[in-house]
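For reference, the chains in residue letters:
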Amino acid sequence: MHIKLNNKPFVIEHIDAVHTNDYPDFCDAYIEEASVFENDEWRDATEAEIDQANDLFTSEINEMIHSEQLYL
């Protein structure tokens, strides 16, 4: 999945709080770790960037949970 945060490539590395009793919405799930491509290299996303991504990318988080079957 290709997403951008603040016009920079953004990769979700880990999603937490994926609970089967929350299927299929997974409304409690959130991005725990992510990377941002900046200045020709990847770096860990800051807490502020992760917070922003969690606010903006709820449907992408849900799509990733389903496509990668993270609920199993």
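Q: Please clarify how the packing of helix H1 (residues 47–56) against helix H2 (residues 58–67) should be interpreted in this entry.
A: Working note: a packed helix pair is described by the angle between its axes plus the distance between those axes. Contact geometry for H1 and H2: axes closest at 5 Å, N-to-C directions at 85 degrees. By the angle between their axes, H1 is roughly perpendicular relative to H2. Contacts between H1 and H2 involve Asn-54, Asp-55 and Leu-56 on the former and, on the latter, Thr-58, Glu-60 and Ile-61. Looking at side-chain class alone, the contact of H1 with H2 contains two nonpolar, two polar and two charged residues.

Q: Mind showing me how you'd approach a negative patch on the surface here?
A: Side chains of Glu-13, Asp-16, Glu-32, Glu-33 and Asp-44 sit close together on the surface and give a patch of like negative charge. Elements that contribute at least two residues to the negative patch include exactly strand S2 (8–16) and strand S3 (30–38). In this structure, Glu-32 sits in strand S3. Overall, the relative accessible area of 37% leaves Glu-32 in the partly exposed class.

Cut-offs and rules
Residues numbered from 1 in each chain as written. Predicted model: local features only at pLDDT ≥ 70, side-chain atom pairs only at ≥ 80, totals over all residues. Heavy atoms only, no water. Axes fitted to C-alpha atoms, helices over the stretch in contact; angles between N-to-C directions. Helix = DSSP H or I, 4+ residues; strand = E, 2+ residues; numbered from the N terminus. Parallel < 35°, antiparallel > 145°, perpendicular 65-115°, else oblique. Contact = heavy atoms within 4.5 Å. Nonpolar A, V, L, I, M, F, W, Y, C, P; charged D, E, K, R; others polar. Patch = residues over 30% accessible without salt bridge, like charges linked within 9 Å, V, L, I, M, F, W, Y side chains within 5 Å. Areas by Shrake-Rupley, 256 points an atom, 1.4 Å probe, with all protein chains shown as cover. Salt bridge = Lys/Arg side-chain N within 4 Å of Asp/Glu carboxyl O. Lys, Arg positive; Asp, Glu negative; His and termini not counted. Charge placed at Lys NZ, Arg CZ, Asp CG, Glu CD. Buried < 20%, exposed > 50% of the residue type's maximum accessible area, 1.4 Å probe, protein only.

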